[in-house]
Amino acid sequence: MGKVIVTGGTGYIGSHTVVELQQAGYEVLIIDNLSNSNVEVLNGIEAITRIRPQFENLDCLDYVGLDRLLSKNEGVEAIIHFAASKAVGESVEKPLLYYRNNLVSLMNLLELMPLHGIKNIVFSSSCTVYGQPDKLPVSETAPIKPALSPYGNTKQICEEIIRDTLHANAGLRSILLRYFNPIGAHPSALIGELPNGVPNNLVPFVTQTAIGLRKQLSVFGDDYNTPDGSCIRDYINVVDLAKAHVVAMKRMIEQKSKTRLETFNLGTGRGLSVLELLKIFQEVNQVEVPYKIVNRRDGDIEQVWANPDKANNVLGWKAQETVEDTLKSAWKWEKHLAEKRK
C-alpha cells in the first residue's frame, strides 16, 4: 500500500483514521501543530497497530514548511485533511481565527498538491453546510443554506474552493465527507476524544462531568421545536467514521470515483436529542451526570440527521456500532484517562 498524509492526525477523528489506515496497510505521515491535541496520542496509535506513524509538528498555514516536507516525501497517494478549528461557539467569538486557519490551510495544500504529484484529497466537511434543513433526514441533494456560524461558513467556503480548484486542475480528485456528530472512542480505550481545556463537544463534557472533573453539564436550550425541547443530532461512532475515510480514499486511488468531485453524508440515519443521549449514557454506564438547562447557544442548529443511503450504496460503507456501545466506549476512555492521571 502507498503513503498517505493525514493533517490533524493526532486529533480525535484523525487519530482513529490513522489507526484504520495503518491496519489497512497504508504508510501514514501525520502533520499536526498540536493546537488541539497531544503528541502522546502517537503512543496510543502505536499500541493499537504496533506501528508508530511518521509525525511532523507543522502548521498547515506554513506554506514553505509544507512545501519542504512534501519535497522530502515524494510518492504520496492521497491527503486526508482534518486540520481545522472546529468549535461552533468559539467561531462566533473568533471568526477571523476560523477563516484564516480553515481556509488558508486548505488553499496551501491544494496549491502544493500538483507540484508534488499528489492527486487525491479527502476533505473533512460537516453537516453544518446544510444549515437548518427544510426536510429531514437530509441527503446530499439538499440545498446549502446560509451558515449559522463562521465555522459552518468555513466548511461551505472550503467545499467551494475545492470545487473551483478541481475545475481548474484536471489532475485532481476529491471526496467531501459531510459528517454528522462523531462520538465514542476506540474499543481498546487507548485513543479517544481528548480536547485541550474545556470541551466544546457534548460527550467529552458528559464523561468529564460523570467522572467529577466538571461540576455540571450545561444543556443549551430546552425550548426548541423538538419532542423534549433539546437539539437533535445524528451521533455516529468515531471508528465507523474513520473507516469511511479509508473507503473514500481507496475509491479515488483506484480511480473508481464516478466524477472527480464526490460528496457523501456520514451518519446513522437516526436523530437523538441531547437529553435522550444523556439518559442513554447514564443508563448504560450506571452513572449520574448532574446537568442544568441554560440559554440557547449562538450558531446551534435545531435538528439535523442524515440520510446515509448514498454512502451505504455507492461507497459500500455503513455505520455499524450502536449508540449504547458507543457511549460505553466513551466512558471506558474517560476512565482510562483517570487512571493515567493518578
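To keep things clear, this report deals only with the structure shown in the data block. (Residues numbered from 1 in each chain as written. Predicted model: local features only at pLDDT ≥ 70, side-chain atom pairs only at ≥ 80, totals over all residues. Heavy atoms only, no water.)

## Some points on the layout of surface pockets
To find leftover empty space, a probe the size of one water molecule is rolled over the atoms.
1) Next: In this structure, the second largest pocket occupies an estimated 410 Å³ of space.
2) Next: Of all the elements in the fold, those that place two or more residues in the lining of the second largest pocket are helix H2 (41-49) and helix H11 (323-341).
3) Next: With six residues, H11 is the single largest residue contributor to the lining of the second largest pocket.
4) Next: Class assignment of the residues belonging to the lining of the second largest pocket gives a composition of eight nonpolar, eight polar and six charged. (1 Å grid on protein atoms, 1.4 Å probe; cavity = no way out; pocket = protein on both sides within 12 Å on 5 of 7 lines; lining within 4 Å. Points joined across faces, edges and corners; volume = space filled by probe spheres on them. Helix = DSSP H or I, 4+ residues; strand = E, 2+ residues; numbered from the N terminus. Nonpolar A, V, L, I, M, F, W, Y, C, P; charged D, E, K, R; others polar.)

## Things to note about empty space enclosed by the protein
1) Next: Evaluation of the coordinates by the stated rule reveals two cavities of 30 Å³ or more.
2) Next: Computed from the structure, the largest cavity encloses a volume of approximately 70 Å³.
3) Next: In this structure, the largest cavity is lined by Tyr 12, Gly 184, Glu 193, Val 203, Pro 204, Thr 207, Ala 330, Trp 333 and Glu 334.
4) Next: Sorting the residues of the lining of the largest cavity by element identifies helix H7 (202-211) and H11 as the ones contributing at least two each.

## Side note on helix H1 (residues 12-23)
1) Next: For H1, built from 12 residues, the straight-helix expectation of 16 Å at 1.5 Å per residue is met to within 8% by its first-to-last C-alpha distance of 17 Å.
2) Next: Of all the 12 residues making up H1, 11 are buried; the element is thus mostly covered by neighbouring parts of the structure.
3) Next: For H1, every residue scored as buried is listed here: Tyr 12, Ile 13, Gly 14, Ser 15, His 16, Thr 17, Val 18, Val 19, Glu 20, Leu 21 and Gln 22.
4) Next: Phi turns positive one or two residues past the end of H1, at Gly 25, with a value near 100°. (Expected span 1.5 Å × (residues − 1). Buried < 20%, exposed > 50% of the residue type's maximum accessible area, 1.4 Å probe, protein only.)

## Quick notes on the packing of aromatic side chains
1) Next: Within this structure, the stated rule accounts for one aromatic pair.
2) Next: Arranged with centres 5.9 Å apart and planes meeting at 85°, the rings of Phe 281 and Trp 331 form a pair that is edge-to-face. You can see Phe 281 sitting in helix H9 (residues 274-285) and its partner Trp 331 sitting in helix H11, a full 50 residues away along the chain.
3) Next: With relative accessibility at 1%, the residue Phe 281 sits in the buried group.
4) Next: Trp 331 sits in the buried class, given a relative accessible area of 9%.
5) Next: Sitting above the plane of the Phe 205 ring, Arg 214 keeps its charged end 5.8 Å from the centroid. (Phe/Tyr/Trp six-rings, centres within 6.5 Å; stacked < 30°, edge-to-face > 60°. Lys NZ or Arg CZ within 6 Å of the ring centre and 35° of its normal.)

## Here we look at the packing of helix H5 (residues 95-115) against helix H6 (residues 150-168)
1) Next: Between H5 and H6, the least distance of the axes is 10 Å, while the angle of their chain directions is 20°. Regarding the angle of H5 to H6, the classification is roughly parallel. In this structure, the crossing between H5 and H6 has a hand that is right-handed. Contacts between H5 and H6 involve Pro 95, Tyr 98, Tyr 99, Asn 102, Leu 103, Leu 106, Met 107 and Leu 110 from the former and Pro 150, Tyr 151, Asn 153, Thr 154, Ile 157, Cys 158, Ile 161, Ile 162 and Thr 165 from the latter.
2) Next: Of the residues that constitute the contact of H5 with H6, the class distribution is 13 nonpolar, four polar and no charged. (Axes fitted to C-alpha atoms, helices over the stretch in contact; angles between N-to-C directions. Parallel < 35°, antiparallel > 145°, perpendicular 65-115°, else oblique. Left-handed = near helix turned anticlockwise from the far one by under 90°. Contact = heavy atoms within 4.5 Å.)

## Focus on the nonpolar core
1) Next: In terms of nonpolar packing, the biggest core is built from 37 residues, with Leu 21, Leu 177, Met 249, Leu 266 and Trp 317 touching the most fellow members.
2) Next: Considering every element that reaches this core, the biggest residue donor is helix H8 (residues 238-253), with eight residues.
3) Next: Formed by 26 residues, the second largest nonpolar core is a distinct cluster that contains Leu 70, Ile 162, Leu 166 and Leu 172. (Core = buried A, V, L, I, M, F, W, Y, C linked by side-chain atoms within 4.5 Å.)

## What to know about the packing of H1 against H8
1) Next: At their nearest, the axes of H1 and H8 sit 8 Å apart, and the two run at 60° to each other. Classed by the angle they form, the pair H1 and H8 counts as oblique. Remark: the crossing between H1 and H8 carries right-handed chirality. Packed against H1, whose contacting residues are Tyr 12, Ile 13, His 16, Thr 17, Glu 20 and Leu 21, the element H8 presents Val 238, Val 239, Leu 241, Ala 242, Lys 243, His 245, Val 246 and Met 249 at the interface.
2) Next: Grouping the constituent residues of the contact of H1 with H8 by class yields nine nonpolar, three polar and two charged.

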